Amino acid sequence: MDNRITQALRRYHDRVSHSREVMFTSLYGSQNYGLDTPESDVDAYSITVPSRHELIFGYPSGEDPVKSTPSSSYCYNTGKVTVKDVRQMMDAYVKQSINFCETLFTPYIIINPHYAAEVAELRAHAEEIASADLYQQLRTTEGMLQSQMVKVHAPVTPTIADSPTRMKHLARAMHCWQFIQRRSRGATFADALVENEEWVEWFALMRTLKNGAWDADAMAPIASTLAKDAKAFWEKYKLEHDPDEHRRARAELRNELADIACSAIVKNVERQDGEAVE
């Protein structure tokens, strides 16, 4: 375990705890993929549990407590922590995004002991949660890839060969591509996040990009065709698969995640009621 990461997570967790009831704070990003550098940001999600007043009246900023719960963030020299209500996070798990689902697998997590049972339940079923709807997951990951490639080829200077920022966008797009390929062939979510023998050279190129180095012979062809290749893959996949084939699994997942979120919320309300009586 990297002390720099654990210390940053603790700092984030404690900061959010000053104003909100935190369920857990969990790492996302390059450290979970083995693609970090010493300069990589430590980014995390801090998942919070609403109080009785927040459930009924919303949060101080005035958001509707039913239609939209607030998502805020705090930035530090080590990275960023994004705060999400547990209801938002459960919905994000249903949407099957890599960045959210990976928080169930990372070893870097700070857990509020009050909610240890609920977090343990989530992590015990991590692969099940992250695999409830492969069609949706591949769709969202292809969308993430295209978003990164737009930034790679944005019509501004400097060119990608002279821009470490653009190189990082390309590395992120490449990680999405290998994830799509491996997941579509049956790899588990956990396995598809990290390097294996088949993708050693691809991961080596991603690390080179993350370190701000450009190898034109190896990387220029990838940069020029990756968006088109990903689009072609997705168009073919859509024709061969029914988007509703996972409808039942998705509905079951919603029910299971709702139970976990409700358990955490009830705990928080009952605990606050007990403290009020005392």
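Refer to the structure above for everything that follows.
Residues numbered from 1 in each chain as written. Predicted model: local features only at pLDDT ≥ 70, side-chain atom pairs only at ≥ 80, totals over all residues. Heavy atoms only, no water.

Asks: What exactly am I supposed to notice about the packing of aromatic side chains here?
Replies: Between two aromatic rings, the relevant description is the distance of the centres plus the angle of the planes. Evaluation of the coordinates by the stated rule reveals 11 aromatic pairs. Centre to centre, the rings of Y135 and Y237 are 6.1 Å apart; their planes meet at 45 degrees, and the pair counts as tilted. Here Y237 lies in helix α11 (residues 216–240) and Y135 lies in helix α7 (residues 134–152), a separation of 102 residues in the sequence. Like Y135, the residue Y237 is buried in the burial classification. Site record: aromatic cluster; members linked through ring pairs are Y135, W177, F233, W234 and Y237. (Phe/Tyr/Trp six-rings, centres within 6.5 Å; stacked < 30°, edge-to-face > 60°. Helix = DSSP H or I, 4+ residues; strand = E, 2+ residues; numbered from the N terminus. Buried < 20%, exposed > 50% of the residue type's maximum accessible area, 1.4 Å probe, protein only.)

Asks: Would you explain the pattern of salt bridges in this entry?
Replies: If charged atoms from side chains of opposite charge come close, those side chains can pair. Using the criterion set out here, one finds 13 salt bridges in the structure. The salt bridge involving R254 is made with D91; its shortest N-O contact spans 3.8 Å. Of this pair, R254 sits in helix α12 (residues 247–277) while D91 sits in helix α3 (residues 86–95), placing them 163 residues apart in sequence. For R254, a relative accessible area of 46% translates into the label partly exposed. Residue D91 is classed as partly exposed on the basis of its relative accessible area, which comes to 26%. Here D244 and R247 are joined by a salt bridge, their closest N and O atoms 2.9 Å apart. For D244, a relative accessible area of 36% puts it in the partly exposed group. (Salt bridge = Lys/Arg side-chain N within 4 Å of Asp/Glu carboxyl O.)

Asks: Looking at this model, I keep getting lost on the packing of α7 against helix α8 (residues 164–184). Mind explaining?
Replies: Relative placement of two packed helices is described by the angle separating their axes and the distance separating the axes. Between α7 and α8, the shortest axis-to-axis distance is 8 Å and the interhelical angle comes to 160 degrees. With respect to α8, the axis of α7 lies roughly antiparallel. Regarding α7 and α8, the two cross each other, and that crossing is left-handed. Every residue of α8 that contacts α7 at L134, Q137, L138, T141, E142, M144, L145, Q148, M149, K151 and V152 is listed here: R166, H169, L170, R172, A173, C176, W177, F179, I180, R183 and S184. (Axes fitted to C-alpha atoms, helices over the stretch in contact; angles between N-to-C directions. Parallel < 35°, antiparallel > 145°, perpendicular 65-115°, else oblique. Left-handed = near helix turned anticlockwise from the far one by under 90°. Contact = heavy atoms within 4.5 Å.)

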